[in-house]
Amino acid sequence: MGAFEELLDVTTSLENKYTKQWAEQGKKVIGYVCSYVPEELFYAADILPYRLTGKGVAETSQADAYLTRVNCTFCRCLLELSYNGKYDFLEGAVFMNGCDHIRRCYDNWEAHKKALPFMYMLPIPHRLTPQGLQWYKEEVLLLKEAIEEHFQIKITPERLAEASTVNNKTRRLLRRLYDLRLNDEPSFTGSEMHTILTASTVMPKDKFNQLLSRLLEETGTRPKTTDGKTRLLVAGSLMDDSEFINVIEDLGAIVVTDTLCFGTRNIWNQTEETGDPFDAIVERYYYHEPCPRMAGEYKKRLGFAKEQAQRARVDGVILQHIKFCDMHGTDNALLKHDFEKEELPVLELERQYGPLSDAGRLRTRIQAFLERIGR
């Protein structure tokens, strides 16, 4: 089996072979929700961090009894999986106060009989300031202490430094993949890239790094995508499966870059490997490329999006947001205005999450957009 096929296999079910092997060794797996939750704390405690997803849900009847129809479908799908026992292989789940929707998802999960042994809410300030950094540091320290108390372990500076080194290697390898997508004939489609990115969040990073290194070595033998396809950047709400990107690429385009929280925004900066490792981890996560929940940072988000668009030589931009995600919806309206001032075609889309999305409607809108670009 090739390296890509192994990574693809990891993403086809919630509980994968690595989580099962981890449990067989008597070790714990903890789910987490957001890219502002520092994975290194878990690795340093010999716990496998697993980024929670709502994939595989056909309907949300149980979750709808607790979350209304004006709560986003990602949160309802995630809550549905928890109520169905699909996340019982986890020892715990760590959320953060990204928005009211995810906060209510956490509250209902914690209050329900399906609550996991370790449930934790990590508060994060909404502004990037020196005072905010200190607040975030204090909150991450409380999370560290809660992990140590619950699991009866000690998270040492040495283990934190090791975890930073492993995670930095993952980010460097993923950036090499992004570099390969700059070519006129990329070795990876956007859908394949997204599969690789999601695999990195649900398996041990050292194993992932081995597979990704193998994949990079195999790149020369991979068939190239056809030159001349419309090159696109995708931005906006959380996207943890490749279904949406498949719709785009089935219509003849290719997604060559993104500004998603599973993509560039999550991997673009490194953790400083000198000095105090805890402080370095806190600073890296606090100041990584901000999402719309960080108030006052629109210019930075716009600058990063423009940088990615120029770097990948895109012909157009698709800005998507999950219905009722007001933060990304508002941000996308601003991004559309500013990208169009640069004469870059933009399509703004509202969608439902994952399997609940209206693929037919999206396909029609995207096809019309590609025809308008005319490549």
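Not measured: the values here are computed from a predicted model. (Residues numbered from 1 in each chain as written. Predicted model: local features only at pLDDT ≥ 70, side-chain atom pairs only at ≥ 80, totals over all residues. Heavy atoms only, no water.)

Asks: Can you help me understand the side chain of His 101 in this one?
Replies: Inspection of the secondary structure puts His 101 in helix H5 (residues 100–111). Residues in contact with His 101, not counting those within four places in the same chain, are Val 70, Asn 71, Cys 72, Cys 75 and Phe 324. (Helix = DSSP H or I, 4+ residues; strand = E, 2+ residues; numbered from the N terminus. Contact = heavy atoms within 4.5 Å.)

Asks: Can you help me understand the packing of helix H13 (residues 298–311) against helix H14 (residues 326–341) in this one?
Replies: Geometry of a packed helix pair, given as the angle between the helix axes and the separation of the axes. Put simply, H13 and H14 touch, their axes get as near as 11 Å, and they point 55° apart. Between H13 and H14, the angle is such that the two are oblique. Considering only the axes of H13 and H14, their crossing is right-handed. The segment H13 lies against H14, with Tyr 298, Arg 301, Leu 302, Ala 305, Lys 306 and Ala 309 engaging Asp 331, Leu 334, Leu 335, Asp 338 and Phe 339. Counted by class, the contact of H13 with H14 contains seven nonpolar, no polar and four charged residues. (Axes fitted to C-alpha atoms, helices over the stretch in contact; angles between N-to-C directions. Parallel < 35°, antiparallel > 145°, perpendicular 65-115°, else oblique. Left-handed = near helix turned anticlockwise from the far one by under 90°. Nonpolar A, V, L, I, M, F, W, Y, C, P; charged D, E, K, R; others polar.)

Asks: Looking at this model, I keep getting lost on helix H15 (residues 359–373). Mind explaining?
Replies: Residues spaced three or four apart along an α-helix face the same direction, because each turn holds 3.6 residues. With 15 residues, H15 should reach 21 Å at 1.5 Å per residue; the first-to-last C-alpha distance of 21 Å fits that figure. For H15, every residue scored as buried is listed here: Leu 362, Ile 366, Phe 369, Leu 370 and Ile 373. Burial along H15 is one-sided: seen end-on, the buried residues are contained in an arc of 100°. Across H15 from its buried face, at more than 90 degrees, point the exposed residues Thr 364, Glu 371 and Arg 372. (Expected span 1.5 Å × (residues − 1). Buried < 20%, exposed > 50% of the residue type's maximum accessible area, 1.4 Å probe, protein only. Arc of directions from axis to C-beta.)

Asks: How do you make sense of the side chain of His 328 when you look at a structure like this?
Replies: By secondary structure assignment, the location of His 328 is in helix H14. A relative accessible area of 13% places His 328 in the buried class.

Asks: Mind showing me how you'd approach the pairing of strand S1 (residues 29–32) here?
Replies: The side chains of a regular strand alternate, first on one face of the sheet and then on the other. Residues of S1 alternate between two faces, with Val 29 and Gly 31 on one and Ile 30 and Tyr 32 on the opposite face, all of them buried. Here S1 runs beside strand S3 (residues 92–96); their pairing, made up of three bridges, is parallel. Considered in S3, the bridge of Ile 30 is made with Gly 92. (Pairing = 2+ DSSP bridges.)

Asks: I'm lost on unusual backbone geometry in this one. Help?
Replies: In most cases, non-glycine residues show a negative phi, while peptide bonds are predominantly trans. At Gln 152, a position not held by glycine, the phi torsion is positive, near 55°. Structurally, the position occupied by Gln 152 is in the loop between helix H6 (130–151) and helix H7 (157–180). The phi angle at Glu 343 is positive, at roughly 60°, despite the residue not being glycine. Tracing the sequence through the fold places Glu 343 in the loop between H14 and strand S8 (346–351).

Asks: Please explain the sheet that holds strand S6 (residues 253–259) as it appears in this structure.
Replies: Adjacent strands of a sheet form backbone hydrogen bonds with each other and so pair up, either parallel or antiparallel. Spatial ordering of the open sheet is given by S6-S5-S7-S8, a layout of four strands whose pairing is parallel. Every other strand in the sheet has two partners, leaving S6 and S8 as the edge strands with one partner each. The sheet shows a mean angle of 30° between the axes of neighbouring strands, direction not considered. Note: strand S5 (residues 230–236) against strand S7 (residues 316–322), five bridges, orientation parallel. Its bridge partner being in S7, Gly 236 is matched across the sheet by Gln 320. Running at roughly 140° to S6, helix H10 (residues 243–250) makes contact with S5, S6, S7 and S8 of the sheet.

Asks: Even after reading the chapter, I still don't get the pairing of S6, so can you show me in this structure?
Replies: In terms of residue burial, S6 counts as a mostly covered element, since seven of its seven residues are buried. Of the pairings in the sheet, the one linking S5 to S6 comprises six bridges and is parallel in character. Paired with Arg 231 across the bridge in S6 is Ile 254. Traced from S5 through H10 to S6, the parallel crossover comes out right-handed. (Right-handed = clockwise from strand over helix to strand, strands pointing away.)

Asks: Explain the environment of Ala 359 here, please?
Replies: Here Ala 359 is to be found in helix H15. What makes Ala 359 partly exposed here is its relative accessible area of 23%.

Asks: Could you clarify how one ought to interpret the packing of aromatic side chains in this entry?
Replies: Here the distance between the centres and the angle between the planes together describe a pair of aromatic rings. Tallied over the full model, the rule gives 14 aromatic pairs. Here Tyr 66 and Tyr 83 contribute two aromatic rings whose centre-to-centre distance is 5.2 Å and whose plane-to-plane angle is 70°, an arrangement assigned as edge-to-face. With a gap of 17 residues between them, Tyr 66 in the loop between strand S2 (48–51) and helix H4 (73–83) and Tyr 83 in helix H4 connect regions that are remote in the sequence. Residue Tyr 66 is classed as partly exposed on the basis of its relative accessible area, which comes to 43%. In this structure Tyr 83 comes out as buried when scored by relative accessible area, which is 5%. Geometrically, the ring pair formed by Tyr 87 and Phe 89 is tilted, given 5.9 Å between the ring centres and 50° between the ring planes. Judged by its relative accessible area of 1%, Tyr 87 is buried. With relative accessibility at 17%, the residue Phe 89 sits in the buried group. Ring pairing ties together the aromatic residues Tyr 50, Tyr 87, Phe 89, Phe 95, Tyr 106 and Trp 109, which thus form one cluster. One cation-aromatic arrangement involves Arg 51 over Phe 262; the distance from NZ or CZ to the ring centre is 4.0 Å. The side chain of Arg 351 reaches across the aromatic face of Phe 244, ending 5.6 Å from its centre. (Phe/Tyr/Trp six-rings, centres within 6.5 Å; stacked < 30°, edge-to-face > 60°. Lys NZ or Arg CZ within 6 Å of the ring centre and 35° of its normal.)

Such coordinate-based values are descriptive only and should not be taken to indicate function.
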